[in-house]
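# Secondary and tertiary structure notes
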Amino acid sequence: VFLGLLLLASLSLFAVVKIGALLPLTGGVSAFGDLVKKGIELAWEEKNTVLGEKIEVVYMDTRSEKTEAANGIARLIDKEGVVAVIGEVISGNSIAAGEIAEKKKVPMVSPSSTNSLVTQGKKFVSRVCFIDPLQGTALAEFAAKTLKVKKATVLTDVEQDYSVGLSNYFMERFKKLGGQVLQLQYKSGDQEFSAQLSQALAFGSEAIVVTGYYNEIALVAQQARALGYKGYILTGDGADAPELIKIGGQAVEGIYFSDHFHPDAPVTKRSKLFVDAFVKKYGVKPSTLSALGYDAYMLVLEAIERAKTTKPELIATAIRSIKNFEGATGTITIDSNGNATKDVVILTVKNGQFAFAAKISASALK
Ligand code: PHE
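This section reports on the structure supplied with the text. Every chain is numbered on its own, with residues counted from 1 as its sequence reads. Residue-level local features of this predicted model are given only where pLDDT is at least 70; pairs of side-chain atoms are given and counted only at 80 or more, and the full residue set underlies all totals for whole chains, interfaces and linings. Only heavy atoms go into the side-chain values, all of them from the structure, while hydrogens and water stay out.

## Looking at the overall build of the protein chain
We apply this condition: Only DSSP runs of H or I with at least four residues qualify as helices, and only runs of E with at least two residues qualify as strands; both kinds are numbered from the N terminus onward. Throughout this description, buried means an accessible area under 20% of the type-specific maximum (1.4 Å probe, protein chains only), exposed means over 50%, and partly exposed covers the range between. In this description, contact between two residues means that some pair of their heavy atoms is separated by no more than 4.5 Å. Method for areas: the Shrake-Rupley scheme with a 1.4 Å probe, in which residue coverage is limited to the protein chains shown. All tallies of charge rest on Lys and Arg as positive and Asp and Glu as negative; His and the ends of each chain are not included. Each charge is placed at NZ for Lys, CZ for Arg, CG for Asp and CD for Glu.
Within the protein chain, the regular secondary structure consists of 12 helices and 15 strands. Along the three orthogonal principal directions, the C-alpha set of the protein chain runs to about 85 × 40 × 35 Å. The buried share of the protein chain, taken over its 366 residues, is 56%. Counted over contacts in the protein chain with a minimum sequence separation of 6, partners at least 24 positions apart contribute 68%. With the model as given, the accessible surface of the protein chain reaches about 15000 Å², and the carbon-plus-sulfur share is 54%. Side chains of the protein chain carry 41 positive and 38 negative charges; the gap between the two charge centres is 4 Å.

Rendered as structure tokens:
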């Protein structure tokens, strides 16, 4: 009897389902990793068993780099034995990690990587967010139609697949709507934007569109305002971390950016529950990335339940068949390419806080 109990005890000890969370916890976009982690941790507190087994989330830092993203996912799969991976956050890293997920036939669900190439041609890589053709189009429509901008300078971070793609989709629609564009380049980590900004001013820009991430967006805003630029500053979802406001201060007041979610504009019953639970746990309202991280985790669990097994290949198939899943960020249907389609929101910075400005429904963007 004693041996039997021992055996049972050790079996139950081993009966954990491991899910990987591949995140930029340090490095250039570490604020993003931290926000996604908060969402996953909350989701895990709500639901930490699946098919009768305990779930363990194994966090892996990518240091915000492509090479580490690829190494990290390999480690999660080969050393940790995870059955699915949530990650990465930024598109370039998800493209790198996705190659490995595909080779090793383990599903990866990105909460937030919006570049088209992330899922293109892949069976094992999916996401719970919209993609940049939609986001870039929404931003262009907002700039041209709502703000009546005719001349825009696009600043592209040439080291980020996300920024390159988003710039292109923005420019395509903005030009179609009659706008004129000057495109200039920078690189992640740049601190000094005066050369680009003086060209933007000379061009007579009514909007400066920075398609990269929060550090550089904040610096561009400060330097542009310091030069006396009075026009609009527009960006994509890459602006969305509290660090944008911490770094940018007064200079980011009034910027507009396209995004996935705002806690004051709940779209599903679950959004509301999520916001309340998040505020209770952390004492602040959730960011977009926390909501997306929450959704990615819950969607992976839903797929495991539907698959009725923790075999990675079958989980991957189940992910692709998910329809009308109620998430915190909206209702999620994973299409045959692994993508979700959701409405775009436009946020602004008002009195040092992110505020809801407008909603652009996906169906209006054809
Ligand atoms: N969409 C960005 C990318 O693909 C990541 C991101 C999403 C950042 C949402 C902030 C908020 O790189």
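## Overview of the site of the ligand
Note the cut-off: To be near a molecule or strand, a residue needs just one of its heavy atoms within 4 Å of it. Each polar contact in these results corresponds to two N or O atoms within 3.5 Å; when the atoms are within protein, one needs to be able to donate a hydrogen and the other to accept it, and residues that are neighboring in sequence are counted only if both atoms are side-chain atoms. When residue character is reported, Ala, Val, Leu, Ile, Met, Phe, Trp, Tyr, Cys and Pro are called nonpolar, Asp, Glu, Lys and Arg charged, and the others, Gly included, polar.
Neighbouring the ligand are F32, V89, I90, S91, S112, S113, T114, Y162, Y213, D237, H260 and L289. At 2.5 Å from an oxygen atom of the ligand is found a side-chain nitrogen or oxygen belonging to S91. Y213 is positioned such that a nitrogen or oxygen atom in its side chain is 2.5 Å from an oxygen atom of the ligand. Looking at the shell around the ligand, its residues break down into 6 nonpolar, 5 polar and 1 charged.

## Section: the packing of helix α3 (residues 66-78) against helix α4 (residues 91-104)
Note the threshold: Axis definition: a line fitted to C-alpha atoms, over the contacting stretch in the case of helices. Angles run 0 to 180 degrees between N-to-C directions. Crossings are sorted by hand: turned counterclockwise from the far helix by less than a right angle, the near helix makes the crossing left-handed, and turned clockwise it makes it right-handed.
Two numbers describe how α3 lies on α4: the axes approach to 8 Å, and their chain directions differ by 30°. As for how α3 packs across α4, the hand of that crossing is right-handed. The residues of α4 that touch α3, namely those facing K66, A69, A70, I73, A74, I77 and D78, are G92, N93, A96, A97, I100, A101 and K104.

## Overview of the sheet that holds strand β6 (residues 125-127)
What counts here: Strands were regarded as paired on the criterion that DSSP finds at least two bridges between them.
Pairing in this open sheet of 6 strands is mixed, and the strands run β2-β3-β1-β4-β5-β6 from one edge to the other. The strands lining the two open edges of the sheet, one partner per strand, are β2 (49-50) and β6. Sheet topology note: the strand β4 (residues 84-87)/strand β5 (residues 108-110) ladder contains 2 bridges and is parallel. Bridging from a neighbouring strand, V85 pairs with M108 of β5. Of the strands in this sheet, β1 (16-23), β3 (53-61), β4 and β5 touch α3, which is tilted by about 175° from β1.

## Section: the packing of aromatic side chains
How we decide: Ring pairs are drawn from Phe, Tyr and Trp, using the six-membered ring of Trp, whenever the two centres fall within 6.5 Å, and their geometry is named by plane angle: stacked under 30 degrees, edge-to-face over 60, tilted for the rest. The criterion for a charge sitting over a ring is simple: Lys NZ or Arg CZ within 6 Å of the ring centre, and within 35 degrees of the ring normal.
For the structure on display, the rule yields 12 aromatic pairs. For the ring pair Y232 and Y256, a centre distance of 6.3 Å and an interplane angle of 55° mean the geometry is tilted. Here Y232 is found in strand β10 (residues 232-235), whereas its partner Y256 is found in strand β11 (residues 256-259), with 24 residues between them in sequence. Considering the side-chain rings of F261 and F274, the 6.2 Å spacing of their centres and the 70° angle between planes classify their relative orientation as edge-to-face. Highlighted residues: F261 in the loop between β11 and α10 (269-282) and F274 in helix α10, separated in sequence by 13 residues. Members of the aromatic cluster, each reached through a chain of ring pairs, are F261, F274, F278, Y282 and Y294. The ring of Y59 is capped by K37, whose NZ or CZ atom sits 4.9 Å from the centre of that ring. Its guanidinium or amino end placed over the ring of F203, K151 lies 5.0 Å from that ring's centre, counting from NZ or CZ.

## Remarks on the pattern of salt bridges
Quick reminder of the rule: In what follows, salt bridge is the name for a side-chain nitrogen of Lys or Arg lying within 4 Å of a carboxyl oxygen of Asp or Glu.
Evaluated as defined, the whole model comprises 17 salt bridges. Note that D34 and K38 form a salt bridge whose closest N and O atoms lie 3.1 Å from each other. Of this pair, D34 and K38 both sit in helix α2 (residues 30-46), 4 residues apart, which is roughly one turn of the helix. Put simply, R63, E68 and R75 are held in one network by salt bridges that share partners.

## Regarding unusual backbone geometry
Apart from glycine, the bulk of residues carry a negative phi angle, and the bulk of peptide bonds sit in the trans form. One non-glycine residue, K105, lies in the positive phi region at around 55°. One can find K105 in the loop between α4 and β5. A positive phi angle, close to 50°, is found at N324, a residue other than glycine. Within the fold, N324 resides in the loop between α12 (312-320) and β12 (325-326). Judged by its relative accessible area of 60%, N324 falls in the exposed class.

## Points about α3
Here is the rule: The span one expects for a helix is its residue count, reduced by one, times 1.5 Å.
Here α3 is 13 residues long and its end C-alpha atoms lie 18 Å apart, about the 18 Å a rise of 1.5 Å per residue gives. Those residues of α3 that fall on the buried side of the exposure criterion are E68, A69, A70, G72, I73, A74, L76 and I77.

By themselves these figures say nothing about function.
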